[in-house]
Amino acid sequence: CEGNNTMGRGFLMETSPVENAFVCSTFNHCYFIDNDLEGTRIDGGQVAFYESAWENNCHNSGLSATTDAALRLRSMVSCAIIGCDFEAFTDNTNQPAAKRAIVAENCVGLTLLSSYFANAVENSGDSTQRCIYLDYGGGGPHHALIGPCRVANTTVFIEITGTDSKVDVYEPFTQAGTTPAL
């Protein structure tokens, strides 16, 4: 699948509010580039992304600097992101507000492994940029496994907010720039 050069999101999936409705999807080799809003937004259900890429999304200045990102996940039962690529997510010109690769809000289970996070240059003057932002403000328990990832030119690798969460993070391999804060 591809979601390229849209004035909205590259891809949006929302589960039905109907009782017992559940969506389970797998995405392989997808590409989301140059979208004005998030490259992908998924609300609810269970998804897995394999060998997919998000590049240069979030062009709209009205996006939230905290909760919007190239890949935004909300209230997921389970999510796996394996072998994926996130590039150009902290440019001041192209991303005036949302400078995050992944935002996961109240996701019960999240696994992120062997992925790549890169920007052309390090934007150290911007305190809002993150590779990963986990928000567990809606209660828990929540569990996340963040495995080794390659990071280039990003000052903060992960930020976790909220309580009652268990997150295992393996330090990222820094390819270029300063070693990002965890």
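Scroll up for the structure.
A brief structural summary. Nothing here was measured: the structure is a model prediction, and the numbers come from that model.

Conventions adopted
- Residues numbered from 1 in each chain as written.
- Predicted model: local features only at pLDDT ≥ 70, side-chain atom pairs only at ≥ 80, totals over all residues.
- Heavy atoms only, no water.
- Helix = DSSP H or I, 4+ residues; strand = E, 2+ residues; numbered from the N terminus.
- Buried < 20%, exposed > 50% of the residue type's maximum accessible area, 1.4 Å probe, protein only.
- Contact = heavy atoms within 4.5 Å.
- Areas by Shrake-Rupley, 256 points an atom, 1.4 Å probe, with all protein chains shown as cover.
- Pairing = 2+ DSSP bridges.
- Axes fitted to C-alpha atoms, helices over the stretch in contact; angles between N-to-C directions.
- Disulfide = S-S within 2.5 Å.
- Core = buried A, V, L, I, M, F, W, Y, C linked by side-chain atoms within 4.5 Å.
- Phe/Tyr/Trp six-rings, centres within 6.5 Å; stacked < 30°, edge-to-face > 60°.

Points about the overall build of the protein
Reasoning step 1: Counting its regular elements, the protein contains zero helices and 19 strands.
Reasoning step 2: Here the protein holds 182 residues, and 49% of them are scored as buried.
Reasoning step 3: Contacts in the protein between residues at least 24 apart in sequence constitute 73% of all its contacts with a sequence separation of at least 6.
Reasoning step 4: Summed over its atoms, the accessible surface of the protein is roughly 8,000 Å², and 48% of this surface lies on carbon and sulfur atoms.

With respect to the sheet that holds strand β8 (residues 71–74)
Reasoning step 1: Read across the open sheet, the six strands follow the order β2-β5-β8-β11-β14-β17; overall the sheet is parallel. Strands at the two margins of the open sheet, each flanked by one partner only, are β2 (11–14) and β17 (158–162). In this sheet, neighbouring strand axes are inclined to one another by 5° on average, regardless of whether the strands run parallel or antiparallel.
Reasoning step 2: Of the pairings in the sheet, the one linking strand β11 (residues 100–105) to strand β14 (residues 130–136) comprises five bridges and is parallel in character. When the bridges of β14 are listed, Val 103 appears paired with Tyr 133.

Some thoughts on the state of the cysteines
By definition, a disulfide links the sulfur atoms of two cysteines through a covalent bond.
Reasoning step 1: According to the stated counting rule, one finds one disulfide in the structure shown.
Reasoning step 2: The residue that forms a disulfide with Cys 1 is Cys 30, at a sulfur-sulfur distance of 2.3 Å. On the sign convention where negative means left-handed, the S-S torsion of about 110° between Cys 1 and Cys 30 marks this disulfide as right-handed. Of the two residues, Cys 1 sits in the segment before β1 (2–4) while Cys 30 sits in the loop between β3 (24–28) and β4 (31–33), which places them 29 residues apart along the sequence.

Quick look at the side chain of Thr 67
Reasoning step 1: Assignment of secondary structure puts Thr 67 in the loop between β7 (53–55) and β8.
Reasoning step 2: Aside from chain neighbours lying at most four places away, what touches Thr 67 is Arg 72, Val 103 and Glu 105.

Focus on the nonpolar core
Reasoning step 1: In this structure, Leu 73, Ile 81, Phe 86, Phe 117 and Ile 132 are the most contacted members of the largest nonpolar core, which totals 34 residues.
Reasoning step 2: For this core, the elements supplying multiple residues, two or more each, are β6 (46–50), β8, β9 (78–82), β11, β12 (109–113), β14 and β15 (142–146).
Reasoning step 3: No other element matches β14, which puts four residues into this core.
Reasoning step 4: If sequence neighbours within four positions are ignored, Phe 117 has contacts with Phe 86, Phe 89, Ala 101, Ile 102, Leu 112, Cys 131, Ile 132, Cys 149, Arg 150, Val 151, Ala 152 and Phe 157.

With respect to the packing of aromatic side chains
Reasoning step 1: By the definition in use, this model includes seven aromatic pairs.
Reasoning step 2: For the pair Phe 27 and Phe 49, a centre-to-centre distance of 5.0 Å together with 15° between the ring planes defines the contact as stacked. With Phe 27 in strand β3 and Phe 49 in strand β6, this residue pair connects regions lying 22 residues apart in the sequence. We note that Phe 27, like Phe 49, is buried.
Reasoning step 3: On the basis of an interplanar angle of 5° and a centroid distance of 4.7 Å, the ring pair of Trp 54 and Phe 86 is categorised as stacked.

A short note on unusual backbone geometry
Reasoning step 1: Even without glycine at this site, Asn 56 takes up a positive phi of about 55°.
Reasoning step 2: Along the chain, Asn 56 turns up in the loop between β7 and β8.
Reasoning step 3: Of note in this structure, Asn 106 is not a glycine but carries a positive phi near 50°.

Regarding the environment of Ala 144
Reasoning step 1: Residue placement: Ala 144 occurs in strand β15.
Reasoning step 2: In this structure Ala 144 comes out as buried when scored by relative accessible area, which is 6%.
Reasoning step 3: With 64 residues separating them along the chain, Ala 144 and Ala 80 place their C-alpha atoms 9.9 Å apart.
Reasoning step 4: What Ala 144 contacts, discounting residues up to four positions off in sequence, is Leu 110, Leu 134, Tyr 136, Lys 166, Val 167 and Asp 168.

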